[in-house]
Amino acid sequence: MLEIHNLSKQFGDSEVLKGVSLKVPKGEIFTIIGPSGAGKSTLLRLINLLDTPTEGTILLDGTDIHKEKNMAVRRRMGMVFQKPAIFNQSVYENVALGLRFRQIDERVIRKKVADALAIVGLTGFEERKAKTLSGGEMQRIALARVLVTDPDVLLLDEPTANLDPVSVRVIEELVQRIHHEFQTTIIMSTHDMFQGQRLAHRIGVMIDGKFAQFGTPREIFTTPNDRFVARFVGIENVIEGRIISKDRGIAFIQVGRITIQALSPLPVGTDVTIFFRPEDVAISCSSSHAESVRNVFPGQIVSITPMGPYNRIIVDCGVKIIAMITYMATEDLGLKEGSDVCVSFKATAPHILAAEE
Amino acid sequence: MNEIISGFLTALHLIITLDPGVIEISIRSILISLSSTLIGALIAVPIGATITFSEFTGKRFLVNIIQTLYALPTVLVGLFVFLLISRAGPLGFMRLLFTPEGMVIAQTVLILPILVGLTISALKGLDTTILDTLRSLGATKIQFLRSVVKEARYAIMAAVVLGFGRAISEVGAAIMIGGNIRGHTRVLTTAISLETSMGNLAVSIALGIILLMIALVINLLLAVVQNR
């Protein structure tokens, strides 16, 4: 239903979007993930008619929205911004605003506002001054304000970027609930890749004004197209090597002085990049392992960095391999910087791409 | 020194006993300045909003000019309006010279730059997300302007109060256009000027105190509204 063709946007000398194309079918939750400044907000703003593209077209059910620029098209969309815009009025007036613009009968407005406040869990807040609410509550008001207008397309521009973790969960559940109840097409940007994974049917990774990859969350998180996407989705182990032999689908990849075994259809002699997640790497003190674990390399711990319940451990095995293990396991094994250990991972863990030229 | 103290005492007497002459002048002052402020606001706020949210060449220059005119000398406004409404002027046929209506026109002209300029400042202070949200919610141009003015209402009210203060306290245009005719165009400022030159210090002080009290009351009202 929403089709974007070759969309570009230039602000002065800087090209923020560089020929973006995208199709979002009706009823899909599409998440744009990518680092800050990649152009995510600009894309959403162009869809919402807040900015004009330098080139390219956006079609909503076949209508070129920037050509038509009519109110009817705009009023089919609703957008929630990173910073919730709250008007210095009551909660009721804040939520009713879009309906006021549509000159809806006051009785209908009252009903719709009450319904929307119920959905976002703020029933009874009508007469409160909206400015006195918390950040999370304000963002829920912003969602309710868009909901009352029954948008066909809901645009969410990093709606949880400024919120505490509890409020983030509340907003995420709301997004899922809204989608479940109204089958709204939702296009959402986030720099939180896990949020993208939690909410999206499909993800587009935007890097430097272009989509580097489209895919289901699983595809994006396990089989990145290139090292930029890999880095962004947390695949920290990116290693260059060459396939030196093959045995029934298993490629033996020479990396410095070690040989990594991985599933790959690529032929012998190919220069490849090996991607695997730190979470797929185990650390032990002995080199005896189950047969299925084909990759076992001795090495020495270079650094241990705490990350929440995990420790990020870098082990030098000739190449540096990053592992993510729980702090409990770290303590049980008595791991310290300088400890001699073995790292291990299955042949199915790495994702192999032919090296980029 | 004694003269001043006795002036003060007489002044308090005039105010407390609600001296008819003093009350009449005060009410006229308030009515004329209130009228010019209201008319000025009705003209200035839409103009200010339109300027703020339109893009055109020379916009910055225009805003600079408007800000310069904050300090517009009252006698210049008096002269300008005099030329406009005196017998020989383009609006001479309306016979507005030496009338309260003429004074309202002069004061409106005087405070328009402040009202327009401060409206622009007030609207510029709004968060861009507020503006984006209004557009995103499908506001028409008119709905948009109405909403931003509503959102900036307290800052705009402060501008209007400032405008009223300038209108009620100016004397140059009031005397040139009104002529200080007793019972017709005599207002607080022109009366103070006249009474002082005639040596009636007590009356002048009384009128001065009233002038200050009006300003005080208006500002208190504004503070109450803004804190609500």
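All figures in this text were calculated on a predicted structure; none of them were measured in a lab.

**Some points on the overall build of chain A**
- Scanning chain A from terminus to terminus reveals 11 helices and 20 strands.
- On the principal axes, the C-alpha backbone points of chain A span a range of 75 × 45 × 35 Å.
- Expressed as a percentage of the 357 residues in chain A, the buried residues total 54%.
- Considering only intrachain contacts with a sequence separation of at least 6, the fraction spanning at least 24 residues in chain A is 65%.
- For chain A, the accessible surface area stands at approximately 16100 Å², while carbon and sulfur atoms represent 51% of it.
- Computed over 41 positive and 42 negative side-chain charges, the separation of the two mean positions in chain A equals 3 Å.

**Examining the UniProt feature "transmembrane region" (unreviewed entry) in chain B**
All names here are of chain B.
- UniProt's feature table lists "transmembrane region" (unreviewed entry) at residues 27-49, 61-85, 105-126, 154-181 and 201-225, given in the numbering used throughout.
- End C-alpha atoms of residues 27-49 are separated by 32 Å, and the span's content is 100% helix alongside 0% strand.
- As annotated, residues 201-225 comprises 100% helix and 0% strand, and the C-alpha atoms at either end are separated by 36 Å.

**Focus: the packing of helix H10 (residues 188-197) of chain B against helix H11 (residues 201-227) of chain B**
All names here are of chain B.
- Running from N to C, H10 and H11 cross one another at 155°; their axes reach a closest spacing of 8 Å. In terms of their interaxial angle, H10 and H11 are classed as roughly antiparallel. Here H10 runs over H11; the crossing is left-handed. Residue-level inspection shows Leu188, Thr189, Ala191, Ile192, Glu195 and Thr196 of H10 in contact with H11, the latter providing Leu201, Val203, Ser204, Leu207, Gly208, Ile210, Leu211 and Ile214.
- Across the contact of H10 with H11, the residue classes break down as 9 nonpolar, 4 polar and 1 charged.

**Details of the interface of chain A and chain B**
- Listed as interface residues are 24 residues of chain A and, on the opposing side, 19 residues of chain B.
- With both chains or domains summed, chain A and chain B bury close to 1800 Å², and 54% of this area falls on carbon and sulfur atoms.
- On the chain A side of the interface with chain B, the three residues burying the most area are Phe87, Asn88 and Phe101 of chain A, jointly 31% of the side's total.
- The interface formed by chain A and chain B includes 2 salt bridges.
- One salt bridge connects Arg45 of chain A with Asp132 of chain B, and the closest N-O pair in it is separated by 2.7 Å.
- The tally of links between chain A and chain B comes to 10 residue pairs in polar contact (both at pLDDT 80 or more).
- Secondary-structure elements contributing two or more residues to the side of chain A that touches chain B are helix H3 (71-74), strand E6 (77-80) and helix H4 (91-101) of chain A.
- The greatest single-element share of the side of chain A that touches chain B, amounting to 4 residues, is contributed by H4 of chain A.
- Among the residues making up the side of chain A that touches chain B, the classes are represented as 10 nonpolar, 5 polar and 9 charged.

**Considering the sheet that holds strand E13 (residues 258-263) of chain A**
Residue and element names in this part refer to chain A.
- Taken together, 5 strands build an open sheet; the order of strands is E13-E12-E11-E14-E20 and the sheet is antiparallel. The sheet terminates laterally at E13 and strand E20 (351-354), the two strands that pair on one side only. The sheet shows a mean angle of 45° between the axes of neighbouring strands, direction not considered.
- Judged from the 6 bridges that link them, strand E12 (residues 250-255) and E13 form a sheet pairing that is antiparallel. Each bridged residue has a counterpart across the sheet, and for Ala251 the counterpart in E13 is Ala262.

**Here we look at the environment of Ile321 of chain A**
Residues and elements named next belong to chain A.
- Position of Ile321 relative to the elements: it lies in strand E18 (residues 320-326).
- The buried category is assigned to Ile321, whose relative accessible area is 0%.
- For the pair Ile321 and Pro278, spaced 43 residues apart in sequence, the C-alpha to C-alpha distance is 8.0 Å.
- Non-local contacts of Ile321, meaning those with residues more than four positions away in its chain, are made with Asn237, Ile239, Phe276, Val281, Phe297, Ile313, Ile314, Val315, Val343 and Phe345.

What counts and what doesn't
Residues numbered from 1 in each chain as written. Chains lettered and ligands numbered in written order. Predicted model: local features only at pLDDT ≥ 70, side-chain atom pairs only at ≥ 80, totals over all residues. Heavy atoms only, no water. Helix = DSSP H or I, 4+ residues; strand = E, 2+ residues; numbered from the N terminus. Buried < 20%, exposed > 50% of the residue type's maximum accessible area, 1.4 Å probe, protein only. Contact = heavy atoms within 4.5 Å. Areas by Shrake-Rupley, 256 points an atom, 1.4 Å probe, with all protein chains shown as cover. Lys, Arg positive; Asp, Glu negative; His and termini not counted. Charge placed at Lys NZ, Arg CZ, Asp CG, Glu CD. UniProt positions renumbered as here; feature names shortened; annotations may be inferred. Axes fitted to C-alpha atoms, helices over the stretch in contact; angles between N-to-C directions. Parallel < 35°, antiparallel > 145°, perpendicular 65-115°, else oblique. Left-handed = near helix turned anticlockwise from the far one by under 90°. Nonpolar A, V, L, I, M, F, W, Y, C, P; charged D, E, K, R; others polar. Buried area = accessible area lost by both parts, 1.4 Å probe. Salt bridge = Lys/Arg side-chain N within 4 Å of Asp/Glu carboxyl O. Polar contact = N/O pair within 3.5 Å; in protein donor to acceptor, adjacent residues only side chain to side chain. Pairing = 2+ DSSP bridges.

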